[in-house]
Amino acid sequence: MLNAYNFGGYLIASGVKTFDDGRTELYGEKFLLRLDRALELNNVGTLLRLLKQYHIDATLLAPKAPANSLLARLKGWKRIYADDVAVVYLKTGATPGSALDLKP
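The structure presented is a predicted model; accordingly, all values stated were derived computationally and were not measured.

Draft legend 1. Representation of the overall build of the chain. If you tally the helices and strands in the chain, you get six helices and four strands. Its helices and strands taken in sequence order, the chain reads β-α-α-α-α-β-α-β-β-α from the N to the C terminus. A burial count over the chain gives 39% of its 104 residues as buried. Taking the contacts inside the chain whose residues are at least 6 apart along the sequence as the reference set, 45% of them involve residues at least 24 apart. Put simply, the chain shows about 6,400 Å² of open surface, and 56% of that area lies on carbon and sulfur atoms.

Draft legend 2. Molecular detail of the pairing of strand β2 (residues 58-61). Burial along β2 is two-sided: A58 and L60 facing one way and T59 and L61 facing the other are all buried. The pairing of strand β1 (residues 2-3) with β2 spans two bridges and is classified as parallel. In the strand pairing of β2, N3 is matched with L60. Relative to strand β4 (residues 87-91), β2 runs antiparallel, the two sharing four bridges. The residue bridging L60 from the neighbouring strand is V88, located in β4.

Draft legend 3. Inspection of the packing of aromatic side chains at higher detail. Here the structure, examined in full by the defined rule, presents three aromatic pairs. For the ring pair F19 and Y54, a centre distance of 5.1 Å and an interplane angle of 85 degrees mean the geometry is edge-to-face. Remark: Y54 occurs in the loop between α4 (44-53) and β2 and F19 occurs in the loop between α1 (8-13) and α2 (24-27); sequence separation between them is 35 residues. Aromatic side chains F31 and Y54 sit 6.2 Å apart centroid to centroid with 85 degrees between the ring planes, which places their arrangement in the edge-to-face category. In this pair, F31 is assigned in helix α3 (residues 29-39) and Y54 in the loop between α4 and β2, connecting sequence segments 23 residues apart. For Y54, a relative accessible area of 34% gives the class partly exposed. Taken together, the ring pairs connect F19, F31 and Y54 into an aromatic cluster.

Draft legend 4. Just α3, in detail. Residues of α3 that are buried include every one of F31, L32, L35, A38 and L39, and no others. On an axial view of α3, the arc spanned by its buried residues comes to 120 degrees, and they lie on one face. Counted as exposed and oriented over 90 degrees from the buried face of α3: E29 and K30.

Quick notes on the rules
- Residues numbered from 1 in each chain as written.
- Predicted model: local features only at pLDDT ≥ 70, side-chain atom pairs only at ≥ 80, totals over all residues.
- Heavy atoms only, no water.
- Helix = DSSP H or I, 4+ residues; strand = E, 2+ residues; numbered from the N terminus.
- Buried < 20%, exposed > 50% of the residue type's maximum accessible area, 1.4 Å probe, protein only.
- Contact = heavy atoms within 4.5 Å.
- Areas by Shrake-Rupley, 256 points an atom, 1.4 Å probe, with all protein chains shown as cover.
- Pairing = 2+ DSSP bridges.
- Phe/Tyr/Trp six-rings, centres within 6.5 Å; stacked < 30°, edge-to-face > 60°.
- Arc of directions from axis to C-beta.

Below, the structure is given as structure tokens:
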């Protein structure tokens, strides 16, 4: 699951593996800058390559994240949840359990 930084603590507490959780020392500045560029859609190709490279099948982002606007138009992606705090997109063929990769 590709998640925004601010959801990292919630996901960890819920037993879900995070893509980003703010621990810069684990991920490195270069990785986090690339992720920020992708989520802000500074370069559409960066987000598309990130989705493919990491086999991402779900996203958990803030409603105002520019990446949501691209996901809404991408073939094979569907918004399955949205409120004023979070938006979740799921790739076609993925199931919520597999997308969340819950720990036993």
